[in-house]
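Breakdown of the fold
As a plain string of letters, each chain reads:
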Amino acid sequence: MTPMVAAQSVGKSFGALHVLNGVSLEVARGEVACLIGPSGSGKSTFLRCVNHLERINSGRLYVDGELMGYRERGDKLYELSPKQAARQRRDIGMVFQHFNLFPHRTALENIVEAPILVAGKPRAEAVEQARDLLDQVGLADRADHYPSQLSGGQQQRVAIARALAMEPKLMLFDEPTSALDPELVGDVLAVMRRLAADGMTMLVVTHEMGFAREVADQLVFMDDGRVVERGNPREMLANPQHERTQAFLAKLL
Ligand code: ADP
Ligand code: MG
């Protein structure tokens, strides 16, 4: 079966700075992959390339069998129009470290925005779906709160609900709990755990090794813009093969 994400020797530079140096990996449908690695190793850049928020310089990146951002003809690539790229991106949810909710909109309004404006859903239907999603993330009673009236953990759960409202086939998480006070991390991870159990395909950059061990099907260690090692999380955490993985995990655990 076609993997949900297939990266083949993906390269990305910012000017002279080579950030991704041939990243290859696959995430199967329904799989949860956790991406770990030192700061600056290219994890965020890779996630941004997956939904074509960044343009790759070499290699190929496929989501659900579709080349992201380009059309392939022979061995030549032609860039998609912004509209076509936006259409591809619509099926991919992304959750950031810093929630990025609209500050002047309530939790509910944050969630219904894209379904109404981008997907053209009737308002009543979008509102009903948003209430259902708020319920799923444990915030049914916070629909009319503004982001500033919510804790960081609650804001992040609204951000997850907002991403889910577009009914994505893939969810990308970029250190979703790194900005949270420790006591708020658990509620967010619980929502992600449930999402994983429901079969969502997820690519998660995280430092939460407990989550990686218990929830991930695949652990990917990146360093210096490369995938150094990937495999079964339990095996990799117990017995990392590569020296750099060993050094990184030794500092973390
Ligand atoms: P990570 O998420 O693993 O910490 P990043 O992908 O954020 O790593 O960054 C990898 C490298 O790319 C860093 O050196 C960072 O400064 C650089 N970088 C990221 N985005 C840009 C950008 N838009 N312009 C220039 N350099 C960037
Ligand atoms: Mg990052």
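What you are looking at is a predicted structure, and each value in this text was computed from that prediction instead of being measured.

1. Quick look at the site of ligand 1
Looking at ligand 1, the residues that line it are Phe-14, Leu-17, Val-19, Pro-38, Ser-39, Gly-40, Ser-41, Gly-42, Lys-43, Ser-44 and Thr-45. Within the backbone of Ser-41, an N or O atom sits 3.2 Å from an oxygen atom of ligand 1. For ligand 1, whose accessible area on its own is 560 Å², the fraction buried by protein is 59%. Grouping the amino acids of the shell around ligand 1 by side-chain chemistry returns four nonpolar, six polar and one charged.

2. Focus on the environment of Asp-224
Note on placement: Asp-224 falls in the loop between strand 11 (218-223) and strand 12 (226-231). Take Asp-224: its relative accessible area is 47%, and that puts it in the partly exposed class. A sequence separation of 44 residues divides Asp-224 from Leu-180, and the C-alpha atoms of the two residues are 27 Å apart. Dropping the residues within four chain positions of it, Asp-224 is found in contact with Val-19, Asn-21, Ser-41 and Arg-244.

3. Considerations on the pairing of strand 3 (residues 32-36)
With five of its five residues buried, strand 3 lies for the most part within the structure. Along strand 3, one buried face is formed by Val-32, Cys-34 and Ile-36 and the opposite face, lined by Ala-33 and Leu-35, is buried too. Judged from the four bridges that link them, strand 3 and strand 10 (residues 201-205) form a sheet pairing that is parallel. Pairing of Cys-34 across the sheet is with Val-204, part of strand 10. The sheet contact formed by strand 3 and strand 11 spans four bridges and is parallel. Note on strand 11: the bridge partner recorded for Ile-36 is Phe-221.

4. Quick word on the confidence of the model for the chain
If pLDDT is low for a region, its predicted coordinates should not be looked at in detail. For the chain, per-residue confidence averages 96 on the pLDDT scale, and residues scoring 70 or more make up 100% of the total. Our summary of model confidence lists the complex with pTM equal to 0.96 and ipTM equal to 0.98.

5. Section: the UniProt feature "domain: ABC transporter" (unreviewed entry) in the chain
According to UniProt, the positions carrying the feature "domain: ABC transporter" (unreviewed entry) are residues 5-249. Annotated as 37% helix and 28% strand, the span residues 5-249 places its first and last C-alpha atoms 25 Å apart.

6. Some words on helix 1 (residues 43-50)
A large share of helix 1 lies buried, amounting to six of its eight residues. By the burial criterion, the buried members of helix 1 are Lys-43, Thr-45, Phe-46, Leu-47, Cys-49 and Val-50. Immediately beyond the C-terminal end of helix 1, within one or two residues, lies His-52, with a positive phi of roughly 60°.

7. Some points on unusual backbone geometry
At Phe-99, a position not held by glycine, the phi torsion is positive, near 40°. When you line up the elements, Phe-99 lands in the loop between strand 8 (92-95) and helix 3 (107-117). For Phe-99, a relative accessible area of 13% gives the class buried. The phi dihedral of Glu-175 falls on the positive side, at around 45°, and the residue is not glycine. In this fold, Glu-175 is placed in the loop between strand 9 (170-174) and helix 6 (182-197).

8. Overview of the packing of aromatic side chains
Counted under the stated rule, the structure contains one aromatic pair. Seen from their ring centres, Phe-221 and Phe-248 are 5.2 Å apart, and the 40° between their planes marks the pair as tilted. Of this pair, Phe-221 sits in strand 11 while Phe-248 sits in helix 9 (residues 243-252), and the two are 27 residues apart along the sequence. This pair shows no difference in class: Phe-221 is buried, exactly as Phe-248 is. Note that Arg-105 overlies the ring of Phe-102, its terminal NZ or CZ placed 5.3 Å from the centroid.

Parameters and conventions
- Residues numbered from 1 in each chain as written.
- Chains lettered and ligands numbered in written order.
- Predicted model: local features only at pLDDT ≥ 70, side-chain atom pairs only at ≥ 80, totals over all residues.
- Heavy atoms only, no water.
- Near = heavy atom within 4 Å.
- Polar contact = N/O pair within 3.5 Å; in protein donor to acceptor, adjacent residues only side chain to side chain.
- Areas by Shrake-Rupley, 256 points an atom, 1.4 Å probe, with all protein chains shown as cover.
- Nonpolar A, V, L, I, M, F, W, Y, C, P; charged D, E, K, R; others polar.
- Helix = DSSP H or I, 4+ residues; strand = E, 2+ residues; numbered from the N terminus.
- Buried < 20%, exposed > 50% of the residue type's maximum accessible area, 1.4 Å probe, protein only.
- Contact = heavy atoms within 4.5 Å.
- Pairing = 2+ DSSP bridges.
- pLDDT = per-residue confidence, 0-100.
- UniProt positions renumbered as here; feature names shortened; annotations may be inferred.
- Phe/Tyr/Trp six-rings, centres within 6.5 Å; stacked < 30°, edge-to-face > 60°.
- Lys NZ or Arg CZ within 6 Å of the ring centre and 35° of its normal.

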